[in-house]
Amino acid sequence: RELAWRCSVQLARNSTMLRMQLAVALGMALLMGLAFFSVSTDAAGFQNKAGAMQITLVLFSFGGVSMLPAVASEWAIVWREWHAGFYPAWLYALIKLSVEVCVLRLLPSILFGSIFYALMGLRRELSAFFLFQLTLALANATAGLYCSAIGTALPAAPGAAALLAVVTMLISTTLSGLELNLQTLPPSLSWLPRLSFCSYAFEVLLTTELDGTTVLVEIPGAPPVRLGAQVLLDIFGLSSSRTVPDVAALCGFVIGSFCLNCLVVAVKLHRLLPRLQRAVAGAVCGRRAAGGGASLPALGGPSIVVHEGELEKRASAVTTAAGGAAAAGSVAAARAEVDQLTAELAQARAVLESLRGMGSSGTAGQHDLLHEAAKAAVACGVDGCRIDMAYDREVCRI
């Protein structure tokens with residue numbers, strides 16, 4: 001509950017994105033509503049309806065790119081709070097994205113759908129209107145969650161994340177069934193439309209509007225002919241009989257994308273932990289070797305498993321330097337060195353947590369260790385986390 005409250009307060013304090021989303025939804029609803037105002041029931045009207053549904057899906061699919069930094073923007077806070085045991089990774093992702101989806105994805109889609117539906121003059125039935133809004137909301141949420149998962153997976157490369165998100169949305173909208181006739185796909189690619197949420201959404205939106213209607217087709221030199229809309233829908237491979245499975249598939253996409261985000265957050269956090277541990281252990285061993293055996297200041301805190309690979313390297317180096325004649329004695333000295341370093345690293349198990357807690361009373365040795373740990377972490381390629389050194393309020397990105 002506290003986490004949900006904090007996410008809501010953060011969203012209220014930084015309301016620029018919400019205002020922009022609502023402004024874009026309102027502006028596009030008016031523009032598209034006037035462009036497709038009171039669409040007719042002839043062949044041109046059929047084309048306008050199909051095009052309007054496709055443009056709507058394109059608008060909200062690419063609008064989902066705005067959710068790329070939904071989790072990545074708070075990566076440093078998430079790391080510290082998760083590492084301190086405040087909450088599991090999946091719970092944070094679930095609550096954070098639920099708030100973002102409800103406010104930044106559902107509200108704009110409801111506003112857009114209410115205005116656009118009325119101006120375009122679509123079917124005047126309450127059930128059709130609610131199905132339109134439901135389909136639009138599910139597709140909008142899925143697009144945003146997909147983009148959020150991509151942004152979380154690539155927090156240190158926003159350009160690459162944006163490119164991947166745009167390509168993903170482009171493929172999804174292309175496979176909706178308007179630009180590309182899905183029935184003409186080669187057998188080896190016939191499974192692709194099943195992975196596109198836009199293909200399910202487009203079928204629901206268009207078939208709900210045209211189900212049971214006729215389309216006036218006028219051919220020069222021939223009398224006008226009224227065709228059942230299903231005849232034209234068959235050309236696109238669409239059917240109103242699949243409405244319920246399509247809506248269920250969209251719900252599955254939303255649930256699956258939530259799970260994907262939770263999985264990405266959990267994997268990123270658990271993969272980051274050993275890299276940070278190795279970085280700090282390397283900094284400690286390097287300082288130990290350069291300082292001629294100076295001991296590490298004692299630090300308290302929660303227990304973290306420390307890798308001892310650097311300790312074994314130190315022991316091997318000591319053994320090699322001893323010489324062949326004194327090899328036996330050097331092995332014993334190396335073993336003693338390993339034991340001593342193991343004891344020192346046991347005191348440094350909470351370095352990452354203690355870095356933020358060190359105040360101006362910290363010794364010069366502690367301050368040097370902080371800088372060495374940060375440098376070593378950078379050398380190891382650790383990204384997406386920060387060590388807040390409170391003694392001078394400096395935030396080192398590692």
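Above this text sits the structure in question.
Residues numbered from 1 in each chain as written. Predicted model: local features only at pLDDT ≥ 70, side-chain atom pairs only at ≥ 80, totals over all residues. Heavy atoms only, no water.

Moving on, we come to the side chain of N140. Examined against the element boundaries, N140 turns out to sit in helix α7 (residues 126-153). Residue class for N140 comes out buried when judged on its relative accessible area of 0%. Apart from residues no more than four positions distant in its own chain, N140 is found in contact with F60, R105 and S109. (Helix = DSSP H or I, 4+ residues; strand = E, 2+ residues; numbered from the N terminus. Buried < 20%, exposed > 50% of the residue type's maximum accessible area, 1.4 Å probe, protein only. Contact = heavy atoms within 4.5 Å.)

Turning next to the pattern of salt bridges. In total, this model carries three salt bridges according to the counting rule given. Across the pair E209 and K49 runs a salt bridge, and its minimum N-O distance is 3.4 Å. Taken together, the positions of E209 in helix α9 (residues 197-210) and K49 in helix α3 (residues 43-63) put the pair 160 residues apart, joining distant regions of the chain. The buried category is assigned to K49, whose relative accessible area is 9%. One salt bridge in this structure joins R242 and E203, with 2.4 Å as the shortest N-O distance. Separated by 39 residues along the polypeptide, R242 in the loop between α10 (229-236) and α11 (243-290) and E203 in helix α9 bring together distant segments of the chain. Since its relative accessible area comes to 34%, R242 is described here as partly exposed. (Salt bridge = Lys/Arg side-chain N within 4 Å of Asp/Glu carboxyl O.)

Moving on: unusual backbone geometry. Phi at S38 takes a positive value of approximately 45°, unusual for a residue other than glycine. Secondary-structure assignment places S38 in the loop between α2 (16-35) and α3. Since its relative accessible area comes to 46%, S38 is described here as partly exposed.

What follows deals with a nonpolar patch on the surface. Together, L163, V167 and I171 line one region of the surface with nonpolar side chains, adding up to about 270 Å² of accessible area. Structurally, the position occupied by V167 is in helix α8 (residues 158-174). A residue is classified by how much of its surface remains accessible, and V167, at 37% relative accessible area, is partly exposed. (Patch = residues over 30% accessible without salt bridge, like charges linked within 9 Å, V, L, I, M, F, W, Y side chains within 5 Å. Areas by Shrake-Rupley, 256 points an atom, 1.4 Å probe, with all protein chains shown as cover.)

Let us now look at the nonpolar core. Judged by nonpolar contacts, the single largest core of 76 residues is most densely connected at F112, F116, F132, F197, L206 and L269. The greatest single-element share of this core, amounting to 12 residues, is contributed by helix α6 (residues 89-120). With residues up to four places along the chain from it excluded, the contact list for F116 reads A29, M32, G33, F36, A52, T56 and F132. (Core = buried A, V, L, I, M, F, W, Y, C linked by side-chain atoms within 4.5 Å.)

A few words now on the packing of α7 against α9. Interhelical geometry of α7 versus α9 gives an angle of 165° and a closest axis separation of 10 Å. As summarised for this structure, α7 and α9 are arranged roughly antiparallel, according to the angle between their axes. The handedness of the crossing between α7 and α9 comes out as left-handed. Contacts between α7 and α9 involve A128, L131, F132, T135, A139, T142, A143 and Y146 from the first element and F197, A201, V204, L205 and T208 from the second. Of the residues assigned to the contact of α7 with α9, the class counts are 10 nonpolar, three polar and no charged. (Axes fitted to C-alpha atoms, helices over the stretch in contact; angles between N-to-C directions. Parallel < 35°, antiparallel > 145°, perpendicular 65-115°, else oblique. Left-handed = near helix turned anticlockwise from the far one by under 90°. Nonpolar A, V, L, I, M, F, W, Y, C, P; charged D, E, K, R; others polar.)

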